[in-house]
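Fold and geometry: a report
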Amino acid sequence: MTFEGRLPVLYSFRRCPYAMRARLALIVSETHVELREVILREKPAALREASPKATVPVLVLPDGTVIDESLEIMLWALGQNDPTGSLSPRDGNRDRMVELVALNDTDFKYHLDRYKYPQRYPGEHAETHRTAAGRFVTNLEERLSANTYLFGPDAALADIAIAPFVRQFAGADEAWFAAQAWPGVQAWLASITGSSAFVRAMHKYPAWRPDATPQHFPPD
Ligand SMILES: N[C@@H](CCC(=O)N[C@@H](CS)C(=O)NCC(=O)O)C(=O)O
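Keep in mind the model is a prediction, meaning the values are calculated, not measured.

Under the definition given, this model contains eleven aromatic pairs. Geometrically, the ring pair formed by Y115 and F169 is edge-to-face, given 5.4 Å between the ring centres and 65 degrees between the ring planes. Within this pair, whereas Y115 is found in helix α4 (residues 94–116), its partner F169 is found in helix α6 (residues 157–172), the two being separated by 54 residues in sequence. Here F169 and F177 contribute two aromatic rings whose centre-to-centre distance is 6.2 Å and whose plane-to-plane angle is 90 degrees, an arrangement assigned as edge-to-face. An aromatic cluster is defined as three or more aromatic residues linked by ring pairs; in this entry it consists of F108, Y115, F136, F169, W176, F177 and W182. Positioned above the aromatic ring of Y110, the side-chain terminus of R114 is 3.7 Å from the ring centre.

Moving on, we get to the site of the ligand. Surrounding the ligand, one finds C16, Y18, L40, K43, T55, V56, P57, E69 and S70. Calculation on the ligand without its partners gives an accessible area of 510 Å², and the protein chains cover 70% of this total. Of the residues that constitute the shell around the ligand, the class distribution is five nonpolar, two polar and two charged.

Each value, and the rule that gives it
Residues numbered from 1 in each chain as written. Predicted model: local features only at pLDDT ≥ 70, side-chain atom pairs only at ≥ 80, totals over all residues. Heavy atoms only, no water. Phe/Tyr/Trp six-rings, centres within 6.5 Å; stacked < 30°, edge-to-face > 60°. Helix = DSSP H or I, 4+ residues; strand = E, 2+ residues; numbered from the N terminus. Lys NZ or Arg CZ within 6 Å of the ring centre and 35° of its normal. Near = heavy atom within 4 Å. Areas by Shrake-Rupley, 256 points an atom, 1.4 Å probe, with all protein chains shown as cover. Nonpolar A, V, L, I, M, F, W, Y, C, P; charged D, E, K, R; others polar.

See the structure below:
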């Protein structure tokens, strides 16, 4: 495909759940970008120049606007084009979804990190954090016993924003996760991670260098 130079640029890291949610929103909103795959221990100067905090994802629009928070990237992309109604779910609204995402990003993420990476948190008890993180999953299970997705019968913003983190939680000990009484969450996670959007969001890109050929996202 020919590559148009005036696309937004997305600094991304394949395995980062924040970058995953941004890529999912770009796919759902049919937004085309140039993707620059970042190696976190060798962050490119162009990323630091765009956003001094230099976390991924970062989206740089053709007019120079920088969006360096994943949820803001999602809201921007879906605000441009929302063909599946991701911002207006049947059983809720954008604010309710953002509230649940905030809980994911604070409390759940806090315990998830301490469960998944015990070596980074010496003195912390991983199982205690698994139990605490599990309370958020139980909260999701209550929603998913009534609906296929968190805010109704269709996947919306909250689903694609939260699923990458629950995927990490599940992946830390798959057998344990599968043995929990969370059938709604297990089916929901399988549905999202098995979707063609998720498979496209996880396409592998080579690490970006300033002289590299621009890489187009979503992949063909
Ligand atoms: N609040 C930010 C968090 C992004 C974030 O923490 N990303 C991680 C990777 S998953 C990162 O870039 N960390 C910086 C580093 O590891 O140097 C967002 O939602 O975009």
